[in-house]
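These are the residues of each chain, in order.
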Amino acid sequence: MSASWTHLTGTLIRGHQVASRPSAAYPYSSLEKQKPYFKTLGLDLYPYFNGTLNISIAPLEFEMMKPEFTFPLVEWTDLHPPETFSFSKCTVKFKGTEYAGWVYYPHPETKKTHFQNSSLIEVIAYEIADIHYGDTLEIEVNPLEIRVKQGSSE
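A short tour of the structure in this document, coming up.

Cut-offs used in this document
Residues numbered from 1 in each chain as written. Predicted model: local features only at pLDDT ≥ 70, side-chain atom pairs only at ≥ 80, totals over all residues. Heavy atoms only, no water. Helix = DSSP H or I, 4+ residues; strand = E, 2+ residues; numbered from the N terminus. Buried < 20%, exposed > 50% of the residue type's maximum accessible area, 1.4 Å probe, protein only. Contact = heavy atoms within 4.5 Å. Core = buried A, V, L, I, M, F, W, Y, C linked by side-chain atoms within 4.5 Å. Salt bridge = Lys/Arg side-chain N within 4 Å of Asp/Glu carboxyl O.

### A look at the overall build of the chain
From N to C terminus, the chain includes one helix and nine strands. The secondary structure elements of the chain, listed N-terminal to C-terminal, are β-α-β-β-β-β-β-β-β-β. The burial tally for the chain puts 44% of its 154 residues in the buried class. Sequence separation of at least 24 residues holds for 69% of the intrachain contacts in the chain that already meet a minimum separation of 6.

In structure tokens form, the structure reads like this:
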């Protein structure tokens, strides 16, 4: 892990479970369907686990500032309008092992379903054995690409 990156501790929580498997919303894994589009645009996610880690960093929040990749209005499904996605490299650490990954950020202004709050970081990473909901893990993000701040007290 890089000393200049932002170190966060989070908790693995259950997501909408549409990235990793068919669901009521999609008859397929959304991430599996998106990967060919992302590869064509310059980001090969095929080596990574076909799902996302939903990491709560509450009470902190994050904001995607200048991600390494932004793919505007990707037409990956005919079930809803195109979506914009951004990606920023990250590292996940669990039980002493580091896993390379990407913060996966479907832009809320183009993602009409499955709203995620700004305390939840979605990560695509290499498969992590024996990880369970409720587990604590560390994530390291690039402060030039992702801003972390104290959450609002709404």
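### Details of unusual backbone geometry
Residue A58 is joined to P59 through a cis peptide bond whose omega torsion reads 10°. Relative to the helices and strands, P59 is located in the loop between β2 (53-56) and β3 (60-64). With phi around 50°, K95 is a residue other than glycine that occupies positive phi space. For K95, a relative accessible area of 68% translates into the label exposed.

### A closer look at the environment of G15
Within the element layout of this structure, G15 appears in the loop between β1 (6-13) and α1 (30-40). Along the sequence, G15 and T52 sit 37 residues apart, while their C-alpha atoms lie 8.3 Å from each other.

### What to know about the nonpolar core
Formed by 21 residues in total, the largest nonpolar core has its most connected members in L53, I121, V123 and I139. Elements with a minimum of two residues in this core: β1, β2, β3, β5 (83-94), β6 (97-106), β7 (120-125) and β8 (136-141).

### Describing the pattern of salt bridges
Side chains bearing opposite charge may pair, as long as their charged atoms lie close to each other. Tallied over the entire structure, the rule returns two salt bridges. For D44, the salt bridge is made with K39, and the minimal N-O distance between the two is 3.9 Å. Residue K39 is classed as partly exposed on the basis of its relative accessible area, which comes to 45%. Taking the shortest distance from any N to any O, the salt bridge between E63 and R147 comes out at 3.2 Å. Of this pair, E63 sits in strand β3 while R147 sits in strand β9 (residues 146-150), placing them 84 residues apart in sequence. When its relative accessible area of 32% is taken as the criterion, E63 is described as partly exposed.

Read these as layout, nothing more, since geometry by itself doesn't imply function.
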